[in-house]
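What the coordinates show
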Amino acid sequence: MAIQRNPETVHQPLAGYDHQIEIAGPARWLVLSGQVGMRPDGAVPEDPIEQLRVALDNLRLNLEAAGMGVRDLVKLTFILVGDIDATQRREVVDGWLGGHRPCTTLFYAAGLAAPALRVEVDAWAATHADG
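So, here's what we can say about the structure. (Residues numbered from 1 in each chain as written. Predicted model: local features only at pLDDT ≥ 70, side-chain atom pairs only at ≥ 80, totals over all residues. Heavy atoms only, no water.)

Following the criterion strictly, the structure yields one aromatic pair and no others. Centroid distance Trp29 to Trp124: 6.0 Å. Interplanar angle 85 degrees. Geometry classified as edge-to-face. With Trp29 in strand E3 (residues 27-36) and Trp124 in strand E6 (residues 119-128), the pair connects residues that are 95 residues apart, well separated along the chain. We classify Trp29 as partly exposed; its relative accessible area is 43%. Take Trp124: its relative accessible area is 37%, and that puts it in the partly exposed class. (Phe/Tyr/Trp six-rings, centres within 6.5 Å; stacked < 30°, edge-to-face > 60°. Helix = DSSP H or I, 4+ residues; strand = E, 2+ residues; numbered from the N terminus. Buried < 20%, exposed > 50% of the residue type's maximum accessible area, 1.4 Å probe, protein only.)

Right, here's the structure in full:
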């Protein structure tokens, strides 16, 4: 169903992502609101890397609730606030993705929905229409 590729006419990706993913054939889509680093009890860690881990866990839980997994992700958008260590961020994300390479965008914003939030992860996933 998903055909991933990096055209030879475009530079190689800068990190663990693909430039494009074509969805061919019948598919079931899951579009998620941005997931933040808030735990079920409402607690938000101060450390932005820990917020990233919690946000990714929230994303995983949403995928599982829809009968999907990390390998079904086709697009991730990371929205960050403030100074966040890029090396640590990449290690956390790459480890969480486990070699999967969805299309990815990252940008910095002045703020998110609440002052304590430093990380938000927006996602799209797709799987076979019968899956």
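On to the nonpolar core, then. Within soluble globular proteins, side chains that are nonpolar generally end up buried alongside one another. Among the nonpolar cores identified, the biggest contains 23 residues, and Leu52, Leu56, Leu59, Leu73, Leu76 and Val121 are the most heavily contacted of them. Those elements that place two or more of their residues in this core are E3, helix H1 (48-65), strand E4 (73-80), helix H2 (86-97) and E6. For Leu59, the residues in contact, after removing those within four places along its chain, are Leu32, Gln35, Leu73, Leu76, Trp96, Val121 and Ala123. (Core = buried A, V, L, I, M, F, W, Y, C linked by side-chain atoms within 4.5 Å. Contact = heavy atoms within 4.5 Å.)

Of all eight residues in E4, seven are buried, a share of seventy percent or more. Bridge count for E4 against E6 is seven bridges, and the pairing is antiparallel. Along E6, the bridge assignment pairs Ile79 with Glu120. Across six bridges, the pairing between E4 and strand E5 (residues 103-108) is parallel. (Pairing = 2+ DSSP bridges.)

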